[in-house]
Amino acid sequence: MLRTCMLGIALAAGATSAQAQGVVTIHKLSAALANELVGESVAHCARNGYKVVAVVVDLDGVRQAVLRGDGAPIHSMDNAYYKAYSIASLGLSRKEESTKQIADRMAKAAPSTVPQTPLPNITYAQGGVAIIANGQTIGGLGVSGAPGGNFDEECARAALAKIKDRMK
């Protein structure tokens, strides 16, 4: 009887884990919060006199929200995406929170004798910040168009600070 009971428990546990192997749960911002985040980024920069573009991507690099501020340079559309994509894809494995952290790490690394292959949509320019909820990176925010990446990052961080309490 005890063996039959143990066998039943083992089979039930096996069935539960087998079902869990086929489903992946991911977290990302809602459309409303992603739109608010790009709006806050552009507005913060505008208050400082900067004309920027802000982009939110999920961990697959899919654009969730994009806002081009009035008068923002056209090349900033792509560059903001590259910053968001770069931090969402490259920052994840090393738990880096900004494209600046990635660039700083790479600057300290010894030169490689391995030929470098450029990756599409990747930039190490400052202005990409990880979107983190409950200690997990769930996406990236990229801002581009201010007169320096430090100002782009400042706008991104200010916007993230405004919504952080709702990312739970």
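As a convention, each chain's residues are numbered from 1 in the sequence order in which they are written. Residue-level local features of this predicted model are given only where pLDDT is at least 70; pairs of side-chain atoms are given and counted only at 80 or more, and the full residue set underlies all totals for whole chains, interfaces and linings. The side-chain figures draw on all heavy atoms in the structure; neither hydrogens nor water molecules are used.

### A word on the packing of aromatic side chains
Alright, step 1. Under the pairing criterion, centres of Phe, Tyr and Trp rings, with the six-membered ring standing for Trp, must be within 6.5 Å; the plane angle then separates stacked pairs below 30 degrees from edge-to-face pairs above 60, leaving the rest tilted. Summed over all chains, the structure comprises 3 aromatic pairs.
Alright, step 2. Considering the side-chain rings of Tyr50 and Phe151, the 5.1 Å spacing of their centres and the 40° angle between planes classify their relative orientation as tilted. With Tyr50 in the loop between helix 2 (31-47) and strand 1 (53-58) and Phe151 in helix 5 (residues 149-163), this pair connects stretches of sequence that are 101 residues apart.
Alright, step 3. A residue is classified by how much of its surface remains accessible, and Tyr50, at 17% relative accessible area, is buried.
Alright, step 4. Working definition: with a 1.4 Å probe on protein chains only, accessible area under 20% of the residue-type maximum means buried, over 50% means exposed, and in between means partly exposed. In this structure Phe151 comes out as partly exposed when scored by relative accessible area, which is 27%. For helices the rule is a DSSP run of H or I covering at least 4 residues; for strands it is a run of E covering at least 2, with both sets numbered from the N terminus onward.

### Topic: the state of the cysteines
Alright, step 1. When the sulfur atoms of two cysteines come within 2.5 Å, that pair is taken as a disulfide. Applying the stated criterion to the full structure yields 1 disulfide.
Alright, step 2. Sulfur-sulfur distance for the disulfide between Cys45 and Cys155 comes to 1.9 Å. What sets the handedness of the Cys45 and Cys155 disulfide is the S-S torsion sign, and at about 115° it is right-handed. Linking Cys45 in helix 2 with Cys155 in helix 5, this pair joins segments that are 110 residues apart in sequence.
Alright, step 3. With a relative accessible area of 0%, Cys45 lands in the buried category.

### Structural notes on the pattern of salt bridges
Alright, step 1. The term salt bridge refers to a side-chain nitrogen of Lys or Arg lying within 4 Å of a carboxyl oxygen of Asp or Glu. Using the criterion set out here, one finds 7 salt bridges in the structure.
Alright, step 2. One salt bridge connects Arg166 with Glu36, and the closest N-O pair in it is separated by 2.6 Å. In this pair, Arg166 sits in the segment after helix 5 while Glu36 sits in helix 2, placing the two residues 130 residues apart along the sequence.
Alright, step 3. In this structure Glu36 comes out as partly exposed when scored by relative accessible area, which is 29%.
Alright, step 4. One salt bridge in this structure joins Glu40 and Lys162, with 3.3 Å as the shortest N-O distance. Residue Glu40 is found in helix 2, and its partner Lys162 is found in helix 5; the two are separated by 122 residues along the sequence.

### Remarks on the sheet that holds strand 4 (residues 136-144)
Alright, step 1. Only when DSSP finds a minimum of two bridges between them are two strands counted as paired. Spatially, 2-1-4-3 is the arrangement adopted by the 4 strands of the open sheet, whose pairing is antiparallel. Taken across any chain shown, the strands that pair with only one partner, and hence form the sheet edges, are strand 2 (63-68) and strand 3 (128-133). Across the sheet, the mean angle from the axis of one strand to that of its neighbour is 15°, orientation sign disregarded.
Alright, step 2. Sheet analysis places strand 3 next to strand 4, joined by 6 bridges and oriented antiparallel. Bridge assignment links Val129 to a residue of strand 4, and that residue is Leu141.
Alright, step 3. Against the sheet, helix 3 (residues 75-94) engages strand 1, strand 2, strand 3 and strand 4, with an angle of about 155° to strand 4. Fitting a line to C-alpha atoms yields each axis, with helices limited to the stretch in contact; the angle taken between N-to-C directions then spans 0 to 180 degrees. By definition, residues are in contact when any of their heavy atoms lie within 4.5 Å.

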